[in-house]
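Per-entry structural report
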Amino acid sequence: MSSIVFLLMCYVIVYGGLSVFFFFVPATLLFLSFVFVFTVGVKKFKQTFDSLLPFQQESIFLEFQTPHLVYKLLMGDIHLQPDCIICRFGGRLSLVLIEQIVVVKVMQYSGSYGLTKSLVIQTCTNEKFHFEFSLKHQKELDALILYLQAKNFQIFVQSMQ
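Bear in mind that the values here come from a model prediction, so they are computed numbers and not experimental data.

**A closer look at the pairing of strand 4 (residues 92-97)**
Both strand 3 (residues 84-89) and strand 4 contribute to a ladder of six bridges, which runs antiparallel. Residue pairing across strands places Cys87 opposite Ser94, the latter belonging to strand 4. Counted between consecutive antiparallel strands, the loop separating strand 3 from strand 4 contains two residues, among which Gly90 sits at a positive phi close to 60°.

Structure follows, in structure tokens:
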């Protein structure tokens, strides 16, 4: 397959009059996507983690190494910890403190034909975290909401269909 792509690119360069730099476009796009994931995707997590007290950081670090609940998302997963949830979704890594969660919204878009449900978590600092559960993992969404409510009874749950 890659040889076919290579031959097509050679044809376009030789007969199409394009520059040789056309070869570097796919590699450049791949490199830029990796740079984005490792710089922008982790930046907010690092800021939140650095704002915690040292004993909280150590507690999260130690708890993450022990077996814990992990729920699958459409493009990632959510790790449930006693004091926080650590989420990897769509190239971003998020740290959400359970004590700061104010509102949890469950939404189902009409355009998704019931294939995905979205969970939007809003914290007391007005930060919003958006996660999507596929059809296969929508039962885990209810378990996650019950877990969050058990840890923080002040969470307001909204269901928007």
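Now that the structure has been shown, we can carry on.
**Some thoughts on the pattern of salt bridges**
When the charged atoms of two side chains lie near each other, side chains of opposite charge can form a pair. Scanning the entire structure with this criterion turns up one salt bridge. The shortest N-O distance in the salt bridge between Arg88 and Asp77 comes to 3.3 Å. Here the residue Arg88 occupies a position in strand 3, and Asp77 occupies one in strand 2 (residues 76-80), the gap between them amounting to eleven residues. Taking the relative accessible area as the measure of exposure, Asp77 reaches 8% and is therefore buried.

**A few points about the environment of Ser94**
Note on placement: Ser94 falls in strand 4. When its relative accessible area of 13% is taken as the criterion, Ser94 is described as buried.

**Examining the confidence of the model for the protein**
Residues of the protein with pLDDT of at least 70 account for 85%, and the chain-wide mean is 80. By mean pLDDT, helix 1 (residues 2-16) is the weakest element of the protein at 70, and strand 5 (residues 101-107) is the strongest at 89.

**So, the environment of Phe64**
Within the secondary structure layout, Phe64 lies in helix 3 (residues 54-65). For Phe64 and Ile86, which are 22 residues apart along the polypeptide, the C-alpha to C-alpha distance reads 9.0 Å. When sequence neighbours within four positions are dropped, the list of residues in contact with Phe64 reads His79, Gln81 and Ile86.

**Re the side chain of Gln122**
Secondary-structure assignment places Gln122 in strand 6 (residues 116-123). Since its relative accessible area comes to 18%, Gln122 is described here as buried. At a separation of 3.0 Å, a polar atom in the side chain of Gln122 contacts the side chain of Asn126. In this structure, Gln122 is in contact with Gln100, Ile101, Val102, Val103, Glu127 and Lys128, ignoring residues within four places of it in sequence.

**Overview of unusual backbone geometry**
We note that Asn126 has phi near 65°; this positive angle belongs to a residue other than glycine. Position of Asn126 relative to the elements: it lies in the loop between strand 6 and strand 7 (128-134). Judged by its relative accessible area of 58%, Asn126 is exposed.

**Quick word on the pairing of strand 2**
Counted residue by residue, strand 2 has five buried out of five residues, so it is predominantly covered. Burial along strand 2 is two-sided: the face carrying Gly76, Ile78 and Leu80 and the face carrying Asp77 and His79 are both buried. Relative to strand 2, strand 1 (residues 70-73) is paired through four bridges, and the arrangement is antiparallel. Each bridged residue has a counterpart across the sheet, and for Lys72 the counterpart in strand 2 is Asp77. Taken together, strand 1 and the strand that follows it, strand 2, pair antiparallel across an intervening segment of two residues. Relative to strand 3, strand 2 is paired through five bridges, and the arrangement is antiparallel. Directly across from His79, in strand 3, lies its bridge partner Ile86. Counted along the chain from strand 2 to the antiparallel partner strand 3, the turn is three residues long.

Definitions and cut-offs
- Residues numbered from 1 in each chain as written.
- Predicted model: local features only at pLDDT ≥ 70, side-chain atom pairs only at ≥ 80, totals over all residues.
- Heavy atoms only, no water.
- Pairing = 2+ DSSP bridges.
- Helix = DSSP H or I, 4+ residues; strand = E, 2+ residues; numbered from the N terminus.
- Salt bridge = Lys/Arg side-chain N within 4 Å of Asp/Glu carboxyl O.
- Buried < 20%, exposed > 50% of the residue type's maximum accessible area, 1.4 Å probe, protein only.
- pLDDT = per-residue confidence, 0-100.
- Contact = heavy atoms within 4.5 Å.
- Polar contact = N/O pair within 3.5 Å; in protein donor to acceptor, adjacent residues only side chain to side chain.

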